[in-house]
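Next come the chains, spelled out residue by residue.
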There are 2 protein chains.
Amino acid sequence: MITSKDNDKIKYIIKLQSKKYRDQFNKFVIYGDHAIEEALKQGFEMELYTSNPLKKGELISDELIKKVSLTETPTDCLAVVKKRPEQSYSNRILMLDNIQDPGNMGTLIRSAVGFGFTTVISSLNSVDYYHERTIRATQGNLLYANLIKAPLADRIKALKFMGYEIYVTALQGSVDLKTITPKDKCVLVLGNEGAGVSDDIMRLATKTIRVKTRDIESLNVAMAGSIIMYEWQV
Amino acid sequence: MITSKDNDKIKYIIKLQSKKYRDQFNKFVIYGDHAIEEALKQGFEMELYTSNPLKKGELISDELIKKVSLTETPTDCLAVVKKRPEQSYSNRILMLDNIQDPGNMGTLIRSAVGFGFTTVISSLNSVDYYHERTIRATQGNLLYANLIKAPLADRIKALKFMGYEIYVTALQGSVDLKTITPKDKCVLVLGNEGAGVSDDIMRLATKTIRVKTRDIESLNVAMAGSIIMYEWQV
């Protein structure tokens, strides 16, 4: 049983709490039965750790697993999971330009999976998919998404060539969501919580759209995104 | 200029960071130019405090205003605002049964104002409307809502008598949102993040509805609520 914080595997788990090491090792950490079951079902490669002798995985002391877990409620198991390589594009794609809030990122992934936008492409400057608060906000749906992180402009050009239409949300000069029937293959682009979609991406739009509201200038990005994906679900 | 934490007005401001005192004094605190402008425009009664001699309000030292402000970015002004009494019901009403997350509460109020559900009624066990994170998530829209906190069952009975239909979200035994055309006067009831709407409220529903998704059991409550209010906006 591992009991010391100085154990190499524990040091490794703690390192994975920072984006730098998640990028470097291409791994991330999930906590608790539900998430681990989902990951196993989805065929992810992983190493299991637990403080419960009845469960599979390398034993860690109770005290130590509490120390290394970033969850709000204590858990008796965690897994170090290998990220998946990029998969084929789905027909509906969600693209995120400089999303900063882990909660927004997580709820957007959750809604995207729910409405069939299973490929998510985020800009390099967006918050990490594997941030602990992002994973928590996805409520187990992270593992169902084809998550890609890449410069957006090049991807958009390639996607256009493949026949995708690019719909970008914008408050000004845009058309009401209700007037649009999306093409079967389409990309929904959402932007930063404060600044919206950046100009260089905006210029690549097939159409700019907005969710019509009564009094307020803008909805929270996760709300606007969920509403559009709901309308366009396949 | 107030410079001491032991000043009675400062002690009062700090007390208002807890729900107990917000309830007792019937006041809450807002921070920054934007929120204060909105509150003035809306005619709220308030006392202004600032560290900027050019602005209206009682002077507080820079250091002290930083200490008493719960904002992420520093601000040079705050206001102690008197809560408004209950106003007449709007035709569209949002009802919240045991919502616990301040972020969800705030984004729901923001969407509600955006889609014309300007009256919000929350159960006594829901998170406070005036929690600092709730106010922040409303992005200035808190002051546009008619916010009521009350036992829900009695309100529902009275609202039914007034001709309102009661639509409650539920995953099971419910009908797809898309099959419903709401009555002009209607109440949308959303429930707790984990447990959903409680049984005693569920029993009072005119209809139970759900937002159809592909793979996942449920959307985040703020997403589901925003989608329904978008569909039913007036």
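Residues numbered from 1 in each chain as written. Chains lettered and ligands numbered in written order. Predicted model: local features only at pLDDT ≥ 70, side-chain atom pairs only at ≥ 80, totals over all residues. Heavy atoms only, no water.

## What to know about the packing of helix 5 (residues 102-114) of chain B against helix 9 (residues 221-231) of chain B
All names here are of chain B.
Here's step 1: Where helix 5 contacts helix 9, the axes come no closer than 9 Å and their chain directions differ by 10°. Viewed along their axes, helix 5 and helix 9 adopt a mutual orientation that is roughly parallel. Only Val221, Ala222, Gly225, Ser226 and Met229 of helix 9 make contact with helix 5, whose side of the interface consists of Asn104, Thr107, Leu108, Ser111 and Ala112.
Here's step 2: Its residues placed into classes, the contact of helix 5 with helix 9 shows 5 nonpolar, 5 polar and no charged. (Axes fitted to C-alpha atoms, helices over the stretch in contact; angles between N-to-C directions. Helix = DSSP H or I, 4+ residues; strand = E, 2+ residues; numbered from the N terminus. Parallel < 35°, antiparallel > 145°, perpendicular 65-115°, else oblique. Contact = heavy atoms within 4.5 Å. Nonpolar A, V, L, I, M, F, W, Y, C, P; charged D, E, K, R; others polar.)

## Quick notes on the relation of the copies chain A and chain B
Here's step 1: Turning chain A through 180° and shifting it by 0.0 Å along the axis lays it on chain B, with an RMSD of 0.0 Å. A rotation of that kind, with that shift, is consistent with a two-fold axis.
Here's step 2: The share of interface residues of chain A whose copies in chain B are also at the interface is 100%, consistent with both copies meeting through the same surface. (Least-squares fit on C-alpha atoms with pLDDT ≥ 70 in both.)

## Here's the deal with the domain arrangement of chain A
Residues and elements named next belong to chain A.
Here's step 1: For chain A, the domain assignment lists domain 1 (8-82) and domain 2 (92-231).
Here's step 2: The C-alpha centroid of domain 2 is placed 29 Å from the C-alpha centroid of domain 1.
Here's step 3: Of the residues lining the interface, 15 residues belong to domain 1; the matching set on domain 2 comes to 12 residues.
Here's step 4: Roughly 1,100 Å² of surface becomes buried between domain 1 and domain 2 when both sides are summed, with 62% attributable to carbon and sulfur atoms.
Here's step 5: Summed over the shared surface of domain 1 and domain 2, the number is 1 salt bridge.
Here's step 6: Notably, a salt bridge pairs arginine 22 with aspartate 128, separated by 2.7 Å at the nearest N-O pair.
Here's step 7: Taken together, domain 1 and domain 2 are joined by 3 residue pairs in polar contact (both at pLDDT 80 or more).
Here's step 8: Of all the secondary-structure elements, those providing two or more residues to the side of domain 1 that touches domain 2 are helix 2 (19-25), strand 1 (27-31) and helix 3 (33-41).
Here's step 9: In terms of residue count, the dominant contributor to the side of domain 1 that touches domain 2 is helix 3 (5 residues).
Here's step 10: Looking at the side of domain 1 that touches domain 2 residue by residue, the class counts come to 7 nonpolar, 3 polar and 5 charged. (Domains from an automatic or database assignment. Buried area = accessible area lost by both parts, 1.4 Å probe. Salt bridge = Lys/Arg side-chain N within 4 Å of Asp/Glu carboxyl O. Polar contact = N/O pair within 3.5 Å; in protein donor to acceptor, adjacent residues only side chain to side chain.)

## Notes on the side chain of threonine 169 of chain A
Here's step 1: Tracing the backbone through its elements, the reader meets threonine 169 of chain A in strand 8 (residues 165-169).
Here's step 2: Discounting residues that sit within four places of it in the chain, threonine 169 of chain A has contacts with Leu188, Val189, Leu190, Gly191, Val197, Met202, Ile209 and Ile228 of chain A.

## Some points on the interface of chain A and chain B
Here's step 1: Taken together, the 29 residues of chain A in the interface contact 29 residues of chain B.
Here's step 2: Between chain A and chain B, the buried area comes to about 2,500 Å², and carbon and sulfur atoms account for 59% of it.
Here's step 3: When the buried area of chain A at its contact with chain B is split by residue, Arg214, Met223 and Tyr230 of chain A rank highest and sum to 26% of it.
Here's step 4: In this structure, the connection of chain A to chain B is made through 0 salt bridges.
Here's step 5: At the surface where chain A touches chain B, the tally comes to 5 residue pairs in polar contact (both at pLDDT 80 or more).
Here's step 6: Residue contributions to the side of chain A that touches chain B peak at 6 residues, all from helix 9 (residues 221-231) of chain A.
Here's step 7: Residue classes in the side of chain A that touches chain B are distributed as 11 nonpolar, 11 polar and 7 charged.

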